[in-house]
Amino acid sequence: MNKFAERLKELRLEANLSQRDLAKALGVSQPAVARWEANLQTPNIDVLMAVAKFFDVTTDYLLGLED
């Protein structure tokens, strides 16, 4: 699993959110969130920035460039 997939799922579970809840908050579909967490697809830069802002983390953290 790549760092983005791993960290997204970890952050979502820590926030006690379902994939559907997160998708709604980000304005994307639940299957999109599932594909990201399964490392089948990555979000575009705008969505990546929205994920970082939503969880109050950096994009570098999400991408595994910093801890």
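Refer to the preceding data block for the structure.
Examining the side chain of arginine 7
Looking at where arginine 7 falls in the secondary structure, it is placed in helix H1 (residues 3-14). The class for arginine 7 is buried, based on a relative accessible area of 6%. A distance of 3.0 Å separates the side chain of arginine 7 from the side chain of aspartate 67, its partner in a polar contact. Beyond its immediate stretch of four places on either side in the chain, arginine 7 contacts Tyr61, Leu62, Gly64, Glu66 and Asp67.

Some words on the pattern of salt bridges
Counted by the stated rule, this structure contains three salt bridges. Lysine 3 is the salt-bridge partner of glutamate 6, the closest N and O atoms lying 3.8 Å from each other. A residue pair is termed a helical-turn pair when its members lie 3 or 4 positions apart in one helix, as glutamate 6 and lysine 3 do in helix H1 at three residues. By relative accessible area, glutamate 6 is classed as partly exposed at 33%. Across the pair glutamate 37 and arginine 12 runs a salt bridge, and its minimum N-O distance is 2.5 Å. Of this pair, glutamate 37 sits in helix H3 (residues 30-37) while arginine 12 sits in helix H1; the two residues are 25 residues apart in sequence, bridging distant segments of the chain. Here arginine 12 falls in the buried class, since its relative accessible area comes to 7%.

Rules used throughout
Once a new chain begins, its residue numbering starts again from 1 and follows that chain's sequence as written. Restriction of local features to residues with pLDDT of at least 70 applies here, the model being predicted, together with a cutoff of 80 or more for giving and counting side-chain atom pairs; totals for whole chains, interfaces and linings are based on all residues. For side-chain calculations, the full set of non-hydrogen atoms in the structure is used, while hydrogens and water are omitted. Runs of H or I in DSSP of at least four residues are treated as helices and runs of E of at least two as strands, each being numbered from the N terminus. Here the term buried applies to any residue with accessible area under 20% of the maximum for its type, exposed to any over 50%, and partly exposed to those in between, with areas from a 1.4 Å probe on protein chains only. In protein, a polar contact means a hydrogen-donor-capable atom and an acceptor-capable atom, both N or O and within 3.5 Å, with residues adjacent in sequence counting only if both atoms are side-chain atoms; elsewhere, any N or O pair within 3.5 Å suffices. In this analysis, two residues are considered to be in contact whenever any of their non-hydrogen atoms come within 4.5 Å of each other. The salt bridge criterion pairs a side-chain nitrogen of Lys or Arg with a carboxyl oxygen of Asp or Glu, the two atoms within 4 Å.

Geometry only, nothing functional implied.
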